[in-house]
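Working through the structure, step by step
Take a look at the letters that make up each chain.
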Amino acid sequence: MIVILKPKPPAAAVAELTEMLEKQGVRVDPVYGTDLTILGLVGDTSRIDPSRVEANRLVERVMSVAEPFKMANKLFHPEPTVVEVAGRSIGANKIAVVAGPCSVETEEQIISVAAEVKAAGASFLRGGAFKPRTSPYAFQGLKYDGLRLLALARQATGLPIVSEIMSPHDIELFAESVDIIQVGARNMQNFDLLKELGRISKPVLLKRGLSATVEEWLMSAEYLLAGGNRQVVLCERGIRTFETYTRNTLDLSAVLAVKKLSHLPVLVDPSHAAGKWWMVADLAKAAVAVGADGLMIEVHNDPAHALCDGQQSIKPDGFRALMEELRPIARAVGREL
Ligand code: PEP
Ligand code: MN
């Protein structure tokens, strides 16, 4: 961190600021120029709040040199993290594919979709039991019954389950009943939820917030890691931009940014990004080509009658075709599917 002081600062005030900064555990190296005085802060600056330093009337500007996330940072953890779940890996050479309906609707629906996506090569089943809907009048999910039906689908197919949590009160139950706990875009900055999930050792899939920067997203991952939970998987699902043709704008450059900045694996969800079923396959291919560690795809047996997100759900036969088309793309970038 670099602190640029206003011209001609009084020496006593500089000494006072230096002491205040050193109390926070860093070494302060001053550089006296002809016009400006600059303080270089050396050491772990993660506990120094730049806005508080900038509030000091002596200070012109504070520049952060290092990223504010430490445990999510590739600099301090160069080896890629591989999250192991029920005999499957996320972040290893094989592309992890999570597929299934937006919401669990009936026993027949979830078991039949699970069997179809498994046969096509998916390694995880997704299904929302608790749904974060914009309208309070929209289908809110089957809730606890949905979790029960997911468990039946896992029993029937052997596929590990990914499902979204909305409340910290349900953590114990989720930890028992699902294999990966999903934190949805709307809860990416629900810090109380993240802190609680940091305390358990269950894998967490952290979706990018609707308008979150890559840094904010990685800071949310930092909450989980700092709490002691090392099994964190990120998921890019599109961000809100001025463009309204698509539901969101899929930010594939975020995959590259995360790969550069962090050791955490990253999936791409083209379904929630596009909001249009006919875009899903091509965006999924682009995601694999760009280096995503996996995909999350909404698959429904009868999208026209889906209780949630039918417009962006592909059918099982489309999913099967997509998996075949993805194989050569994965091979071309040195991965397998
Ligand atoms: C979902 O995966 O069903 C979902 C609601 O996604 P997001 O949080 O990305 O909107
Ligand atoms: Mn959905």
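This text gives an overview of the structure that appears in the document. (Residues numbered from 1 in each chain as written. Chains lettered and ligands numbered in written order. Predicted model: local features only at pLDDT ≥ 70, side-chain atom pairs only at ≥ 80, totals over all residues. Heavy atoms only, no water.)

Moving on, we get to unusual backbone geometry. Its identity as a non-glycine residue notwithstanding, K8 has a phi of 50°, on the positive side. With respect to the secondary-structure elements, K8 resides in the loop between β1 (2-5) and α1 (11-22). In this structure, K143 is a non-glycine residue whose phi angle is positive, near 55°. Here K143 lies in the loop between β8 (124-126) and α4 (144-157). (Helix = DSSP H or I, 4+ residues; strand = E, 2+ residues; numbered from the N terminus.)

Looking now at the site of ligand 1. For ligand 1, the full set of nearby residues is C102, R126, K131, E164, Q182, G184, A185, R186, K207, R237, H272 and E298. Here R126 contributes a side-chain N or O atom positioned 2.7 Å from an oxygen atom of ligand 1. Between an oxygen atom of ligand 1 and a side-chain N or O atom of H272, the distance comes to 3.4 Å. Its residues assigned to classes, the shell around ligand 1 comprises two nonpolar, three polar and seven charged. (Near = heavy atom within 4 Å. Polar contact = N/O pair within 3.5 Å; in protein donor to acceptor, adjacent residues only side chain to side chain. Nonpolar A, V, L, I, M, F, W, Y, C, P; charged D, E, K, R; others polar.)

If you walk through the whole model with that rule in mind, you get three aromatic pairs. A centroid spacing of 5.1 Å and a plane angle of 80° characterise the contact between F130 and Y144, whose relative ring orientation is edge-to-face. A residue pair is termed long-range when its members are at least 10 positions apart, and F130 in the loop between β8 and α4 and Y144 in helix α4 qualify at 14 residues. Residue Y144 is classed as partly exposed on the basis of its relative accessible area, which comes to 45%. With 4.7 Å between their ring centres and 25° between their planes, F191 and Y223 make a pair best called stacked. With F191 in helix α6 (residues 191-198) and Y223 in helix α7 (residues 214-227), this residue pair connects regions lying 32 residues apart in the sequence. Overall, F191 belongs to the partly exposed group, its relative accessible area being 30%. Three or more aromatic residues link up through ring pairs in this structure, and these residues are F130, Y144 and F174. (Phe/Tyr/Trp six-rings, centres within 6.5 Å; stacked < 30°, edge-to-face > 60°. Buried < 20%, exposed > 50% of the residue type's maximum accessible area, 1.4 Å probe, protein only.)

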